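Chain by chain, the residues:
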Amino acid sequence: MEKDKRKLPKNFKLPDWLSVKQKFEIYRAIIKGIPIIITGKQGKTGKTYLKDYLNSFGIPAYELYECQTVELNDFI
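Structural notes, computed from the coordinates. Predicted, not measured: the structure shown is a model, and the values here were computed from it. (Residues numbered from 1 in each chain as written. Predicted model: local features only at pLDDT ≥ 70, side-chain atom pairs only at ≥ 80, totals over all residues. Heavy atoms only, no water.)

1. Remarks on the packing of aromatic side chains
We describe a pair of aromatic rings using the distance from one ring centre to the other and the angle between the two ring planes.
Line of reasoning, step 1. Under the definition given, this model contains 6 aromatic pairs.
Line of reasoning, step 2. Aromatic rings pair up to connect F12, W17, Y27, Y49, Y53 and F57 into one cluster. (Phe/Tyr/Trp six-rings, centres within 6.5 Å; stacked < 30°, edge-to-face > 60°.)

2. A look at a nonpolar patch on the surface
Line of reasoning, step 1. Where nonpolar side chains cluster on the molecular surface, the patch consists of I37, Y62 and L64 and spans about 280 Å² of accessible area.
Line of reasoning, step 2. One can find Y62 in strand β2 (residues 61-63).
Line of reasoning, step 3. On the basis of relative accessibility, which here comes to 37%, the residue Y62 falls in the partly exposed class. (Patch = residues over 30% accessible without salt bridge, like charges linked within 9 Å, V, L, I, M, F, W, Y side chains within 5 Å. Areas by Shrake-Rupley, 256 points an atom, 1.4 Å probe, with all protein chains shown as cover. Salt bridge = Lys/Arg side-chain N within 4 Å of Asp/Glu carboxyl O. Helix = DSSP H or I, 4+ residues; strand = E, 2+ residues; numbered from the N terminus. Buried < 20%, exposed > 50% of the residue type's maximum accessible area, 1.4 Å probe, protein only.)

3. What to know about the side chain of E63
Line of reasoning, step 1. Its location among the elements puts E63 in strand β2.
Line of reasoning, step 2. If near-sequence neighbours (up to four positions away) are discounted, E63 is found in contact with I38, K47, T48 and K51. (Contact = heavy atoms within 4.5 Å.)

4. Observations concerning the layout of surface pockets
Line of reasoning, step 1. Of the pockets and cavities examined, the largest pocket occupies roughly 380 Å³.
Line of reasoning, step 2. Around the largest pocket sit 19 residues that line it, and E25, I26, I36, I37 and I38 are the ones nearest its centre.
Line of reasoning, step 3. For the lining of the largest pocket, the element with the highest residue contribution is helix α1 (residues 20-32), accounting for 5 residues.
Line of reasoning, step 4. Residue composition of the lining of the largest pocket, by class: 10 nonpolar, 5 polar and 4 charged. (1 Å grid on protein atoms, 1.4 Å probe; cavity = no way out; pocket = protein on both sides within 12 Å on 5 of 7 lines; lining within 4 Å. Points joined across faces, edges and corners; volume = space filled by probe spheres on them. Nonpolar A, V, L, I, M, F, W, Y, C, P; charged D, E, K, R; others polar.)

5. Regarding the nonpolar core
Line of reasoning, step 1. Membership of the largest hydrophobic core comes to 13 residues, with the highest contact counts inside it found for F12, L14, I26, I36, L50 and L54.
Line of reasoning, step 2. Of all the secondary structure elements, the ones that give two or more residues to this core are α1, β1 (36-38) and α2 (47-56).
Line of reasoning, step 3. Sequence-distant contacts of L50, defined by excluding residues within four places in its chain, comprise L14, P15, W17, L18, I26 and I38. (Core = buried A, V, L, I, M, F, W, Y, C linked by side-chain atoms within 4.5 Å.)

6. Here's the deal with the environment of N73
Line of reasoning, step 1. Relative to the helices and strands, N73 resides in the segment after β2.
Line of reasoning, step 2. N73 sits in the exposed class, given a relative accessible area of 56%.
Line of reasoning, step 3. At 2.8 Å, the side chain of N73 forms a polar contact with the side chain of E71. (Polar contact = N/O pair within 3.5 Å; in protein donor to acceptor, adjacent residues only side chain to side chain.)

Any functional reading would require information that these geometric values do not contain.
Now the structure itself:
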């Protein structure tokens, strides 16, 4: 059974300052319906802009500081 593929929103264009690899990863996440977590160096790198842009199209995107990570290492 083939999974439903999501389409990119109309008028959606990622910023030119993203690399081809970054754009591919974002497009793939959108099509698969996977939330996007944006990470990077502290400072003005465009993290908040990208998150807000994606959110404006209804795409779930978060900056790492907005998320809670839980690490599980012990086998059960």
